[in-house]
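# Chain and residue survey
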Amino acid sequence: MPFYDTLLSETRPHRERLIQTPIIQECLRGEVTLPGYIAFLREAYHHVRHTVPLMYSCRARLPERLGWLDEALDEYIEEETGHDEWILNDLRALGEQPDAVRRAGPGPATEVMVAYAYDTIHRNNPVGFFGMVHVLEGTSVALALNAADRIQQGLGLPAAAFSYLRSHGTLDQEHTAHFAELVNDLDDPGDQAAVVHAARMFYRLYAGIFQGLPRATPGAGR
C-alpha cells in the first residue's frame, strides 16, 4: 500500500473527530456567527504566519538523506508566502484592525499547536512537519470552499472577506495530489511513523482551536 494511503487510513478516526467538532458542523449548516468567523480568522492568522518560518526550519533540519525534499519545501515556501496577509485583508473587510490582531496574539490552543510544530522540527524528526501539512491542507480541501459559501450566504458578508478560505481551498486541492506523491517517496519506517504520529497530534491540536471559537449555540464558546 502506498504510504499516503496508509497515512489516510491510520489518521481517519482523528480526521473524523475534527470534522465532527460542533462549530464545524454548525458552520457547514450555515449557522456560524460573525464573531465566530472573525475569531477563526484571527486564530488562522496567528498560525498561518508561522507556515513559512516552519518550512524554512524544516528544510534546515532535514538530514542529508532527505535532501530531495528541499525542492518541494522551496515550492511550498514560494506558494505559501503572503497567505497571512490574505487573512488580514479579510479581517479588514470585516472592520477589524490588522495591527490590533497582530498585538492580540494567538489563543492558547493556537499557541500550543504552533509550539508543537516547532518542537517536532527541532526536538524530534523534522519530517514529522509534513503531518501538519497533511492536516491543514486536507482539512482545507474538505471544508474551505464549502464553508466560505455557507458563511457568506448565512451572514450576508462581502466576497472581500473570503480571500483566504477561497484561495487557500483552491490551492490546497492542487497541493493534495503533489503531497501524496511526495510522501509516497518516504521509504524509511521511522520517517513514516513520524508523519503519522504528527498528523494524529495535529488533528487533535487543530480541533482544539475550533473548540475555543464562539459558537452559534447559546452559552457555548469562550
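What comes next concerns the included structure. This one's a predicted model, so the numbers in the text were calculated from it and none came from an experiment.

## Structural notes on empty space enclosed by the protein
To find the voids left in a structure, one rolls a probe of water-molecule size over its atoms. For the structure on display, the rule yields one cavity of 30 Å³ or more. Roughly 490 Å³ of volume is contained in the largest cavity. Around the largest cavity, the lining is made up of 32 residues, and of these Phe40, Ser140, Tyr164, Tyr206 and Phe210 lie nearest the centre. Those elements that provide at least two residues to the lining of the largest cavity are α2 (22-28), α3 (34-48), α4 (51-61), α5 (70-80), α9 (129-155), α10 (163-184) and α11 (189-211). With 11 residues, α9 is the largest single contributor of residues to the lining of the largest cavity. Across the lining of the largest cavity, the residue classes tally to 24 nonpolar, six polar and two charged.

## Thoughts on the pattern of salt bridges
In this structure the tally under the stated criterion is 11 salt bridges. We note a salt bridge from Arg215 to Glu26, for which the minimum N-O separation is 2.7 Å. Pair noted here: Arg215 is in the segment after α11 and Glu26 is in helix α2, with a separation of 189 residues, a long-range link. Given a relative accessible area of 3%, Glu26 falls into the buried group. Close ionic contact of Arg123 with Asp119 constitutes a salt bridge, the shortest N to O distance being 2.9 Å. Note that Arg123 and Asp119 are positioned in helix α8 (residues 108-123) at a spacing of four residues, about one turn of the helix. Take Arg123: its relative accessible area is 58%, and that puts it in the exposed class. Its relative accessible area of 24% is what places Asp119 among the partly exposed residues.

The rules behind the values
Residues numbered from 1 in each chain as written. Predicted model: local features only at pLDDT ≥ 70, side-chain atom pairs only at ≥ 80, totals over all residues. Heavy atoms only, no water. 1 Å grid on protein atoms, 1.4 Å probe; cavity = no way out; pocket = protein on both sides within 12 Å on 5 of 7 lines; lining within 4 Å. Points joined across faces, edges and corners; volume = space filled by probe spheres on them. Helix = DSSP H or I, 4+ residues; strand = E, 2+ residues; numbered from the N terminus. Nonpolar A, V, L, I, M, F, W, Y, C, P; charged D, E, K, R; others polar. Salt bridge = Lys/Arg side-chain N within 4 Å of Asp/Glu carboxyl O. Buried < 20%, exposed > 50% of the residue type's maximum accessible area, 1.4 Å probe, protein only.

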